[in-house]
Each structure stands twice: as C-alpha cells, then as structure tokens.
Amino acid sequence: MTTPLTIHLVVINNEYTIKETLDSAKQLNADILIGDLGCTDNTIEICKKYTKNIFKLSLNDNMSAIRNDMINLSKNLWNFYIEPWEIFINHLE
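Residues numbered from 1 in each chain as written. Predicted model: local features only at pLDDT ≥ 70, side-chain atom pairs only at ≥ 80, totals over all residues. Heavy atoms only, no water.

### Side note on the packing of aromatic side chains
Applying the stated criterion to the full structure yields one aromatic pair. Summarising the aromatic geometry, the rings of Phe80 and Phe88 are spaced 5.5 Å apart at their centres and angled 45 degrees between planes, so their arrangement reads as tilted. For Phe80, a relative accessible area of 40% gives the class partly exposed. We note Arg67 situated over the ring of Tyr81; from NZ or CZ to the ring centre the distance is 4.6 Å. (Phe/Tyr/Trp six-rings, centres within 6.5 Å; stacked < 30°, edge-to-face > 60°. Buried < 20%, exposed > 50% of the residue type's maximum accessible area, 1.4 Å probe, protein only. Lys NZ or Arg CZ within 6 Å of the ring centre and 35° of its normal.)

Written as structure tokens, this is what we have:
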C-alpha cells in the first residue's frame with residue numbers, strides 16, 4: 001500500500017548521487033515522480049529501477065514552472081520535493 005505522498009525529484013545528470021537518494025526515498029513507501037531535464041548519463045536508467053513515473057521537462061521553464069508541472073502530474077494530495085543528492089535518514093534501523 002502506498003502512502004498519499006509523492007516525492008518529486010528534478011534530475012539532470014545525477015548518476016553518481018541518485019541511487020542513494022532513491023534508496024532513502026523508497027523507505028517512505030511513497031510514489032516517486034522524476035522530472036528529467038535532459039539527462040545524458042545513466043540517471044534515467046537508475047531511476048527506472050525505482051519508478052515508472054519519469055517525465056521529460058523543459059529546461060526553458062524556471063524552477064517554479066517546473067515544480068508546478070510536476071504537481072500537476074502528481075496523483076496525491078501531499079507532495080515533497082527532494083534534491084537528487086539529498087537523502088532521508090531512517091532512525092529506526
């Protein structure tokens with residue numbers, strides 16, 4: 001069962017950090033939504049192991065417009081943005 005939360009990540013060539021970020025995000029049992037700003041490395045292949053919700057976004061928009069576009073793609077009431085190099089800490093382990 002999924003929580004009514006969507007975690008949003010906007011990525012562009014983050015192959016060195018995205019796996020740890022996604023590993024930490026999956027512990028929340030939330031939907032994960034990836035906004036691709038034009039990755040040319042393995043970032044999207046890594047993301048595909050965690051979610052099917054990957055969308056191409058335009059670099060022409062400002063970050064506010066990009067985040068609004070991602071909100072419109074979300075199916076949940078609660079939305080949380082995280083940078084592709086940040087992690088959630090699990091204090092329960």
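Once the structure has been displayed, the description carries forward.
### Focus on the nonpolar core
Membership of the largest hydrophobic core comes to 15 residues, with the highest contact counts inside it found for Ile7, Leu9, Val11, Ile18, Leu22, Ile32 and Ile34. Listed in part, the six residues of the second largest apolar core include Leu33, Leu57, Ile66 and Met70. (Core = buried A, V, L, I, M, F, W, Y, C linked by side-chain atoms within 4.5 Å.)

### Structural notes on the confidence of the model for the protein
Within the protein, residue pLDDT values average 90, and 91% of them lie at 70 or more. Per-element mean pLDDT across the protein ranges from 89 in helix α3 (residues 63-73) up to 98 in helix α2 (residues 43-47). (pLDDT = per-residue confidence, 0-100. Helix = DSSP H or I, 4+ residues; strand = E, 2+ residues; numbered from the N terminus.)

### Observations regarding the pairing of strand β2 (residues 31-36)
Counting buried residues in β2 gives five out of six residues, a clear majority hidden from the surface. Taken together, strand β1 (residues 5-11), helix α1 (residues 18-26) and β2 constitute a β-α-β crossover, and its handedness is right-handed. Summarising the sheet, β2 and strand β3 (residues 54-56) pair through three bridges and their orientation is parallel. Considered in β3, the bridge of Ile34 is made with Ile54. (Right-handed = clockwise from strand over helix to strand, strands pointing away. Pairing = 2+ DSSP bridges.)

### Some words on the sheet that holds strand β4 (residues 78-81)
Strand pairing in a sheet takes place through backbone hydrogen bonds and is either antiparallel or parallel in direction. The four strands lie next to each other as β3-β2-β1-β4, forming an open sheet whose pairing is parallel. Each having just a single partner strand, β3 and β4 make up the two edges of the open sheet. Across the sheet, the mean angle separating the axes of adjacent strands is 25 degrees when strand polarity is ignored. The sheet contacts of α1 involve β1 and β2, and relative to β1 the element is tilted by about 175 degrees. Along the sheet, α3 makes contact with β1, β2, β3 and β4, crossing β1 at roughly 140 degrees. (Axes fitted to C-alpha atoms, helices over the stretch in contact; angles between N-to-C directions. Contact = heavy atoms within 4.5 Å.)

### Things to note about the pattern of salt bridges
Tallied over the entire structure, the rule returns three salt bridges. A salt bridge links Lys56 to Asp36; the nearest nitrogen and oxygen atoms lie 3.1 Å apart. With Lys56 in strand β3 and Asp36 in strand β2, this pair connects stretches of sequence that are 20 residues apart. Under the relative-accessibility criterion, Asp36 is labelled buried at 3%. Its salt-bridge partner being Glu83, residue Arg67 comes within 3.4 Å of it at the nearest N-O pair. With Arg67 in helix α3 and Glu83 in the segment after β4, the pair connects residues that are 16 residues apart, well separated along the chain. (Salt bridge = Lys/Arg side-chain N within 4 Å of Asp/Glu carboxyl O.)

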